[in-house]
Amino acid sequence: MYEGVVQDLIDELGRLPGVGPKSAQRIAFHLLEADEDDVRRLAEVLLRVKETVHFCEICFNVAESNLCRVCADPQRDTTMICVVEESKDVVAIERTREFRGRYHVLGGALNPIEGIGPGDLHVTELMARLGDSTLTEIIIATNPNHTGEATASYLARQIGPMGIKVSRLASGLPVGGDLEYADEVTLGRAFEGRRVFA
Amino acid sequence: MRLRHLSLRDFRSYSEAEVDLTEGVTTFVGLNGQGKTNLVEAAGYLASLGSHRVSNDAPLVRFGAERAFVRAAVVRDSRETVLELEIVPGRANRARVGRSAATRPRDILGTLRTVLFAPEDLALVKGDPGERRRFLDELLVARQPRWAGARSDYDKILKQRNALLRSAQPVLRKGSRGGTLTPEEAVSRETTLDTLVEWNTHLAAVGASLVYARLRLLRDLAPHVASSYDEVSAGRSEARLTYVSSLPEAVAHRIADGEVPEREELEKAFHQAFEEMRQREIDRGVTLVGPHRDDVTLTLGELPAKGYASHGESWSFALALRLAAFHLLRNDLKTDPVLVLDDVFAELDAGRRERLAAMVADAEQVLITAAVAEDVPDALSGRTYYVTKGSVSAEEADAAPLTESGTTSGSPADATSDDGGADHDCRRRRQPRGRVHGRPDDARGTRREFGGGTRDVCCRGRPPDGSPSGVGSRSTGCRRTRVPSGVSTHASKPTRHGHTRRAQRTRRTQRSRPAAARQQHEATARGPRMECRCRRGHRDVTVGRSRRTGCRGPRLSRQLRERNSHGTGGVDGVGDPADLACVDDHPVDRAGRR
């Protein structure tokens, strides 16, 4: 136990996800030794992020104004919506520069153990967006685990009757990897999802 | 394949042990509680990353030590591989294969294969369905590792589905019983049923492939079981295995007849079952169909082994199951797994001993433990090691007799290393009836503590101060510690009649229970699975109303409770005390789900 405010700092840091007591202590001492300017900058950013960042009114991605950058961009393709679980998934997909459509952030996945049902996700908002007549395809990019899969098939069944094409991201072998290092589940999936080549 | 060398550090009762092993038979001889089983347990742990005796790793580490090391040199086709495993309770274990850098422990699976028969295996015949399911699933994974993934997938999906059923229970119940729903509730009911369909689909897909895999395994295994039992018992009666499926009857009948339906067909049957069982599942808040509810019936001749077979026959049947697994793996791997026979001979008659010896003599490597060297037939003459107080030597220790007290005063790991009984065999059990472990004057104190709702600690994991607690059952004389049903998740206060609060709730539930359900409940409570959990054949323990709580349902076995509370349940464990739960929504049931 450290005295007063040092311990407070360690406790606060320790509440962050992925930070255990040891890491918290290390970060705290790093901050103690850092320049005052650096620390001030960090503190200001922390405050500003809470004050200025909102969620996009359309897709629930993080945004600095009412709309996120993607939704505000008139050049984005309006025929496709990619459905993801979290904002960070948007960033991951944006990095590929493959997808030019828009997003919809659900804010999680169906998880009865944690009490998350469709009502806790932005599903109704997604349904409202489907009324757009230019829309031709929904790409479901939830995580390839069992909660993500359940969410995906739930959405597919809800959207299917509306006559919009629903696709799901492929899962399988990583690019640049070796077959021998792939685990059985991934390899099995890759076999299942194989494509006709010639 | 065979083990050439086994070395232990801080494992169970061993601070250090180095054992050279050769092809053929190696026998470990020693008094009870000296650490024979600990040696073979270490070998089994390297092969399966789990102990056949305990579900968590803490008891594996020598008392007072922080971590345990197990190292083994495995020879297969005259190529040697060194496996190293560091066991740290509560943290991830670390493993090494050969000289490579540390890898995930699961990467060492498959390098060493063992088939281990231990006295605990008697539960395969006499115990709950969960034991048999685990046997099948473990063998499945040993043959094809990918089933480990399917199993854990099934577990996770099942947990989610159960959670959904439970959390949505109020609104689903109200809707299906014709109660009027507010518009809000109606929407919530609709979406819940919608999501339930998703979990049904996923559970059906994974469940069907799991059942399919089990059935094919059983088809391959059955002939080996029959021939192994035949050989051990010299053709006394025919040993058969029948898969008892929880799927709808039409399919279940065909499965029971030995047919293996296609996977698609099983999946359809799952959906049909979900449809038929919906009301019951909603009422109970658990999934009632699937591989986690299935069983394998073992039959000898015309009669089921459980409840009818003698002790020796049950023992032989359990042995036949393991030997069948050995033959199956031998065919698959094109090499022999290491066969481990832990304390097997003491319970067999002379004829069966000789025949067993003849059967295993051709295995590449056999490790045998025995308390009495004379129990091991001469046909299995091999190298003999003498195990004394956590040390292994090739020569017999000097005749200085070890007293029982001398062996039990050691660490808890020492105390559990007893391999004398068919079951967890606490020596203190032999104390006169009506007494509790420890000083007689402690008895009352302990008993009162129970009534007040203290947590029970079995002699296997004694409380830190070393004072064991536990009260024998008055009706059966069973000295296995049990948690009185009043004591479970909540520390409940005794009320007017000395009943616990939980008990009162029980009686209310019973009053309101419809007569049909009660009959069904009683019918289930009469079945052969109602044996006392001490597995000594006390039958009446769970039938009839408990004097303490008024509970009529079967009690939850300690094992199941342990598995649930550690969250380490396999397909069977999953917060679903399925085998023992009362038909109704019942406190016993609830306690198991915490």
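Chain A appears in an unreviewed UniProt entry as Recombination protein RecR from Dermacoccus abyssi. As recorded by UniProt, the Function (unreviewed entry) comment attached to chain A reads in full: "May play a role in DNA repair. It seems to be involved in an RecBC-independent recombinational process of DNA repair. It may act with RecF and RecO." Taken verbatim from the UniProt record of chain A, the Sequence similarities (unreviewed entry) comment is "Belongs to the RecR family."

A. Broad picture of unusual backbone geometry. In this model, Phe60 of chain A sits at a positive phi of 65 degrees, which is unusual for a non-glycine residue. Residue Phe60 of chain A is classed as buried on the basis of its 24 C-beta neighbours within 10 Å.

B. Region of the structure containing the environment of Ala163 of chain B. Relative to the helices and strands, Ala163 of chain B resides in helix α4 (residues 146-167). Note: C-alpha distance between Ala163 of chain B and Val286 of chain B (123 residues apart in sequence) is 8.0 Å. Contact partners of Ala163 of chain B, with chain neighbours within four places excluded, come to Pro112 and Ile113 of chain A.

C. Region of interest: the sheet that holds strand β1 (residues 2-11) of chain B. All names here are of chain B. If you trace the five strands from one edge of the open sheet to the other, you get β2-β1-β4-β5-β6, paired in antiparallel fashion. The open sheet has two edge strands, β2 (14-20) and β6 (94-97), and neither has a second partner. Shown here is a sheet whose adjacent strand axes are inclined to one another by a mean of 10 degrees, direction ignored. For β1 and β2, the ladder comprises six bridges, and the chain directions are antiparallel. The partner of Arg9 across the bridge, within β2, is Glu16. Seen against the sheet, helix α1 (residues 36-48) touches β1, β2, β4 (68-76) and β5 (79-87) and runs at an angle of roughly 105 degrees to β1.

D. Here's a closer look at the sheet that holds strand β6 (residues 165-168) of chain A. Residue and element names in this part refer to chain A. The four strands are arranged β4-β3-β5-β6 in an open sheet whose pairing can be described as parallel. Edge positions in the sheet fall to β4 (102-105) and β6, since each has one partner strand and no second. Between one strand and the next, the sheet's axes are offset by a mean angle of 25 degrees, whatever the strand orientation. For strand β5 (residues 137-140) and β6, the ladder comprises four bridges, and the chain directions are parallel. Bridge pairing in β6 links Ile140 to Arg168.

E. Expanded view of the environment of Asp257 of chain B. Note on placement: Asp257 of chain B falls in the loop between α7 (249-256) and α8 (263-284). The sequence separation of Asp257 of chain B and Val244 of chain B amounts to 13 residues, and the corresponding C-alpha distance is 9.9 Å.

Calculation notes
- Residues numbered from 1 in each chain as written.
- Chains lettered and ligands numbered in written order.
- Predicted model: local features only at pLDDT ≥ 70, side-chain atom pairs only at ≥ 80, totals over all residues.
- UniProt positions renumbered as here; feature names shortened; annotations may be inferred.
- Buried ≥ 20, exposed ≤ 12 C-beta atoms within 10 Å, placed from the backbone.
- Helix = DSSP H or I, 4+ residues; strand = E, 2+ residues; numbered from the N terminus.
- Contact = placed C-beta atoms within 7 Å.
- Pairing = 2+ DSSP bridges.
- Axes fitted to C-alpha atoms, helices over the stretch in contact; angles between N-to-C directions.

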